[in-house]
Amino acid sequence: MSRRPAYVILGAGVAGHFAADALRQAGFDGQVLLIGAEPVRPYDRPALSKGILQGTKEPQAIIFQPEAFYREREIDLVLGRAAVEIDPAARRVVLDSGKSVSYDRLLIATGAAPIRPRLPGIDLPGVHVLRSLADAEALRAGLLAAERVLVIGAGFVGSEVAASARTLGRDVTLLDLLPAPMSRALGPELAAVYAELHRAHGVDLRMGRGVVELRGRDRVEEAVLDDGTLLACDLVVLGVGVRPAVDLAMAAGLDVDDGILVDEHCATNASGVYAAGDVATWWHPTLGRRIRVEHFDNAGEQGAAAGRAMAGQPEPYAPVPSFWTDQYDTTLQYYGYPVPWDQVVLRGDAAAFSVTAFYLAEGRIVAAAMLNRPKEHRSARRLVAAGAAVDPAVLADPDTDLRALSRQFAAG
Amino acid sequence: MPGPTDDYVRVMPAADVAEEEIYAFEVDGELRVLTRVGDEIFACDGICTHEYAELSEGEIEDHVIYCPLHGSGFDLRTGAVTSLPAVTPLPIYDVKIVDGEVYVSRTPRDEGEA
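Residues numbered from 1 in each chain as written. Chains lettered and ligands numbered in written order. Predicted model: local features only at pLDDT ≥ 70, side-chain atom pairs only at ≥ 80, totals over all residues. Heavy atoms only, no water.

A. Summary view of the overall build of chain A. Helix and strand content of chain A: 11 helices and 27 strands. For a compact globule of 412 residues, the expected C-alpha radius of gyration is about 22 Å, and chain A comes in at 22 Å, within 12% of that figure. Dimensions of chain A along its principal axes, counting C-alpha atoms only, are 70 × 65 × 35 Å. A separation of at least 24 residues holds for 60% of the contacts in chain A among residues at least 6 apart in sequence. (Helix = DSSP H or I, 4+ residues; strand = E, 2+ residues; numbered from the N terminus. Rg over C-alpha atoms; globule rule 2.2 N^0.38 Å. Contact = heavy atoms within 4.5 Å.)

Below is the structure:
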């Protein structure tokens, strides 16, 4: 008497969806349970800060697949339910409905949750975060009614929200302790270009500034900055980062360091338990170190890699990480490893917001960011994958044929 | 077999289609593109299936066309998605060369057809 094995995926976000799909593509024919806390089928999360906020996309349009997709693949969707306990010894998870679900293999793809800094007034109505579709719909409604918007944190989400709010015609202040938008990820050179971009679109940039208090009677009315300035606002968006959702994993005794520690096959230290996406801190075999990546491309690709590994087709997961950000009428594509660099080479015309940045460590290209330079994406990616050592003057030279140059290096 | 002028539209001389260059054209008001990989010419929809972006602004590498916006990749031979964020395949159109001219089918190839 044999029972169909049950593979359970906790988290029906990007990683969870692509893991379930990959399990079936790899030929796994046991039970697949995809359990998500949000009440909607998996969707294209990056669209929240752009299309959904701006109203150019309807929520229905960003859902990855119709219900039939899951039905045809016998993927059981359990939506609106979160796990409250993982018991690796008994191989079961307990849901917030009280139901207990047994698994033969488990994928934790619970993502990350927005950080809410401990700040007086943080719980006032009118203070938003952006992570889920419900967050985005609430924020859009808030933006439509708001006049003065304060975005705290100029990372990717904060910068995109600021751009969307400006596009909707709101007065926008974008504030960060850092010297320029997204400067931690993009470096000061390219971040300076984004500072100009936001200024050119009328954003009131307050860089190198913090907020010490939010005030208001019934809802948020003003922010107190760390230099004592009072800033009137009727809507605040917190974009100060996320924290991986590791609490259940920690309670279950899984190894956690920032994210849930997994090897190059997405396996945790607990037998039969895997993790992928924003929640996973993974061993990158090419880099020879652990990294955690909070971007769509990784969630999708690592989710799929985890699905294949669970189905018995493990392959080392060793991508060149990538992400994009769209702000106003610009698009930036980034390929590269989240490692320190010691030199940035710009190519193109920063004043025209058409520029490629190459990031070098000890003379080798470790990352590249292309702002409105689509014809350089694949060449730059090849150079990054090869860890190419190229003379910075050659990289910066507009007459250099990047395509020909990149093909001199063995592509990874 | 359909004749070259009814179900197919003439686009350009085959000799003018350079390797890895992407040429936009319109059929019945819809944007399409064609490109050459080695000896073969391929045609597909001109708009990415993920978000609105014109694929003529993108790139070709091996047999994949990459979207200029977010890097979605599609296999020119099948339309299959080769890299995220797209999840929907790209419609592919049959191509034939008649008297040195590239003709592209008006209607996309059926899904699953090789």
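B. How the structure looks around the sheet that holds strand S26 (residues 354–361) of chain A. All names here are of chain A. The sheet built from 5 strands is open, its strands ordered S23-S24-S27-S26-S25 with antiparallel pairing. The open sheet has two free edges, formed respectively by strand S23 (322–327) and strand S25 (343–349), since each of these has just one partner strand. Averaged over all neighbouring strand pairs, the angle between strand axes comes to 15°, with direction disregarded. Direction of pairing for S25 relative to S26: antiparallel, over a ladder of 7 bridges. Directly across from Val344, in S26, lies its bridge partner Tyr359. Contacting S23, strand S24 (330–336), S25, S26 and strand S27 (364–371), helix H6 (residues 183–200) crosses the sheet at an angle of about 175° to S24. (Pairing = 2+ DSSP bridges. Axes fitted to C-alpha atoms, helices over the stretch in contact; angles between N-to-C directions.)

C. Representation of the environment of Pro179(A) within the structure. All names here are of chain A. Topologically, Pro179 is positioned in the loop between strand S11 (171–176) and H6. According to the relative accessible area criterion, Pro179 is exposed, its value standing at 64%. Here the alpha-carbon distance between Pro179 and Val293, two residues 114 residues apart in the chain, equals 23 Å. (Buried < 20%, exposed > 50% of the residue type's maximum accessible area, 1.4 Å probe, protein only.)

D. Quick peek at the environment of Val237(A). Residue and element names in this part refer to chain A. Looking at the element boundaries, Val237 is found in strand S16 (residues 235–238). Between the alpha carbons of Val237 and Gly153 there is a distance of 8.4 Å; along the sequence they are 84 residues apart. With sequence-adjacent residues up to four places away left out, Val237 is seen in contact with His128, Leu139, Val149, Leu150, Val151, Ile152 and Val161.

E. Fine view of unusual backbone geometry. In this model, Leu84(B) is joined to Pro85(B) through a cis peptide bond whose omega is 10°. With respect to the secondary-structure elements, Pro85(B) resides in the loop between strand S8 (81–83) and strand S9 (92–93). Positive phi, normally seen in glycine, also occurs at Glu74(A), with a value near 50°. Within the secondary structure layout, Glu74(A) lies in the loop between helix H3 (67–72) and strand S3 (75–79). Positive phi, normally seen in glycine, also occurs at Glu362(A), with a value near 50°. With respect to the secondary-structure elements, Glu362(A) resides in the loop between S26 and S27.

F. A look at the domain arrangement of chain A. All names here are of chain A. The domain boundaries assigned to chain A delineate domain 1 (6–113 + 243–310), domain 2 (116–240) and domain 3 (329–406). Relative placement of domain 1 and domain 2: their C-alpha centres are 30 Å apart. Contacts between domain 1 and domain 2 engage 17 residues on the former and 15 residues on the latter. Where domain 1 meets domain 2, there are 2 salt bridges. Of the charged contacts, one joins Lys50 and Glu160 as a salt bridge, the two residues approaching to 2.9 Å between their closest N and O atoms. Inspection of the region where domain 1 meets domain 2 yields 11 residue pairs in polar contact (both at pLDDT 80 or more). (Domains from an automatic or database assignment. Salt bridge = Lys/Arg side-chain N within 4 Å of Asp/Glu carboxyl O. Polar contact = N/O pair within 3.5 Å; in protein donor to acceptor, adjacent residues only side chain to side chain.)

G. Representation of the interface of chain B and chain A within the structure. On the side of chain A, 22 residues touch chain B, which itself brings 21 residues to the contact. Both faces considered, chain B and chain A share a buried interface measuring about 1800 Å² in area, 45% of it formed by carbon and sulfur atoms. Joining chain B to chain A, the criterion identifies 5 salt bridges. Among the ionic pairs, Glu61(B) bridges to Arg378(A), the shortest N-O distance being 3.1 Å. (Buried area = accessible area lost by both parts, 1.4 Å probe.)

H. Inspection of the sheet that holds strand S10 (residues 95–98) of chain B at higher detail. Residue and element names in this part refer to chain B. Here we have 3 strands laid out as an open sheet, ordered S1-S11-S10, and antiparallel in their pairing. Only two strands of the sheet have a single partner each, and these edge strands are strand S1 (8–13) and S10. Averaged over all adjacent pairs, the angle separating strand axes in this sheet is 30°, with direction ignored. Two elements, S1 and strand S11 (residues 101–105), share 5 bridges in a ladder whose sense is antiparallel. Note that in S11 the partner of Tyr8 across the bridge is Ser105.

I. Region of the structure containing the pattern of salt bridges. Residues and elements named next belong to chain A. Inspection of every chain in the model, using the stated rule, returns 32 salt bridges over all chains. Notably, a salt bridge pairs Glu376 with Arg373, separated by 3.1 Å at the nearest N-O pair. Using a relative accessible area of 18% as the deciding quantity, one classes Arg373 as buried. Each of Asp21, Glu72 and Arg73 takes part in a single network of salt bridges with overlapping partners.

J. Region of interest: H6(A). Residues and elements named next belong to chain A. Between its terminal C-alpha atoms H6 stretches only 18 Å, short of the 26 Å expected from 18 residues at 1.5 Å a residue. In the structure, H6 departs most strongly from a straight axis at Glu189, where the bend amounts to approximately 90°. Three or more residues of H6 are buried, namely Ser183, Leu186, Gly187, Leu190, Ala191, Val193, Tyr194, Ala195, Leu197 and His198. The first or second residue beyond H6 is Gly202, which carries a positive phi of 85°. (Expected span 1.5 Å × (residues − 1). Bend = angle between axes of the 7 residues up to and from the residue.)

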